[in-house]
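Spelled out, the chains give:
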Amino acid sequence: MIATTCAVLNQKGGVGKTTLAMNLAAGLARRGRCVVVDADPQGSATMWARGSGRFPVPVVAMPREPRAALPFFGGQYDYVVVDCPPSATDVSVAAAMDGADVLLIPVLPSPMDLWASTRLEELVVQARRQRPDIRAYLVVNQMEARSAMSRAMESAMKEFSIPALVHGLTRRASYRHAALEGCSVYDLGLRGQAAATEIEAIIEEVLSV
């Protein structure tokens, strides 16, 4: 089996890259062997996994030669999830875009946050010239459970060449609790059930395409 590699990236910080990457990996680990490659110098994914020692997926640092790293990991795992740094120019981001099958770009439900990702949109367009099969999606994060997305946000998303997944992440305390406890929302029992359902929907949507 050839590994499916998913890179979670955005040049803007604070949009939920690590939250998506870690919980996505936990869901994928229920389907096969999975590893998280922590490419962010801040090491957020690594610290998350060390929080309790019970995170269900191994987390490894991106090697110094990132362009050779992803094929190496792909030979050992069924799924590789790369948690990228908040940058559009870092060498690890370029390596992730070269080696990933799927690019997931978390954005907050605000037109300003979406517009901040314009440079990344340009890089995806460039990457598709060399690899037309690469898939890229926006993932809306921190949606309010009882409110619809603003018309301004919907309009801004239509201007993007990168489509948004139908499913996204709602603003939930369980995502914060999972990070604090060093686990995934799947490990929180009833507290994380609704969040785990959201992650499952994202995985099914991505893998079914």
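Structure report, in brief. (Residues numbered from 1 in each chain as written. Predicted model: local features only at pLDDT ≥ 70, side-chain atom pairs only at ≥ 80, totals over all residues. Heavy atoms only, no water.)

Some details on the sheet that holds strand S2 (residues 34-38)
Picture the strands of a sheet paired through backbone hydrogen bonds; they go either parallel or antiparallel.
And then number 1: Taken together, six strands build an open sheet; the order of strands is S3-S2-S4-S1-S5-S6 and the sheet is parallel. Edge positions in the sheet fall to strand S3 (59-61) and strand S6 (135-140), since each of these pairs with one other strand and no more. Neighbouring strand axes in the sheet, compared pairwise and without regard to direction, differ in orientation by 25° on average.
And then number 2: Relative to strand S4 (residues 79-83), strand S1 (residues 4-8) is paired through five bridges, and the arrangement is parallel. Looking at the pairing, Thr 5 lines up with Val 80 of S4.
And then number 3: Most of the contacts of helix H1 (residues 17-28) go to S4, to which it runs at about 170°, and overall it touches S1, S2, S3, S4, strand S5 (102-107) and S6. (Pairing = 2+ DSSP bridges. Helix = DSSP H or I, 4+ residues; strand = E, 2+ residues; numbered from the N terminus. Axes fitted to C-alpha atoms, helices over the stretch in contact; angles between N-to-C directions. Contact = heavy atoms within 4.5 Å.)

Notes on helix H7 (residues 151-158)
And then number 1: Every buried residue of H7 is accounted for by Met 153, Ala 156 and Met 157. One side of H7 holds all its buried residues, which, seen down the axis, span an arc of 100°. Facing away from the buried side of H7 by more than 90 degrees, the exposed set consists of Arg 151 and Lys 158.
And then number 2: Buried residues along H7 sit in contact with S5, helix H5 (111-115) and S6. (Buried < 20%, exposed > 50% of the residue type's maximum accessible area, 1.4 Å probe, protein only. Arc of directions from axis to C-beta.)

Brief notes about the pairing of S5
And then number 1: A large share of S5 lies buried, amounting to six of its six residues.
And then number 2: Alternating residues of S5 divide into Val 102, Leu 104 and Pro 106 and Leu 103, Ile 105 and Val 107, and every residue in both groups is buried.
And then number 3: Where S1 and S5 come together, three bridges link them in parallel fashion. Looking across to S5, one finds that Val 8 is bridged to Leu 104.
And then number 4: Judged from the six bridges that link them, S5 and S6 form a sheet pairing that is parallel. Opposite Leu 103, over in S6, you have Ala 136 as the bridge partner.

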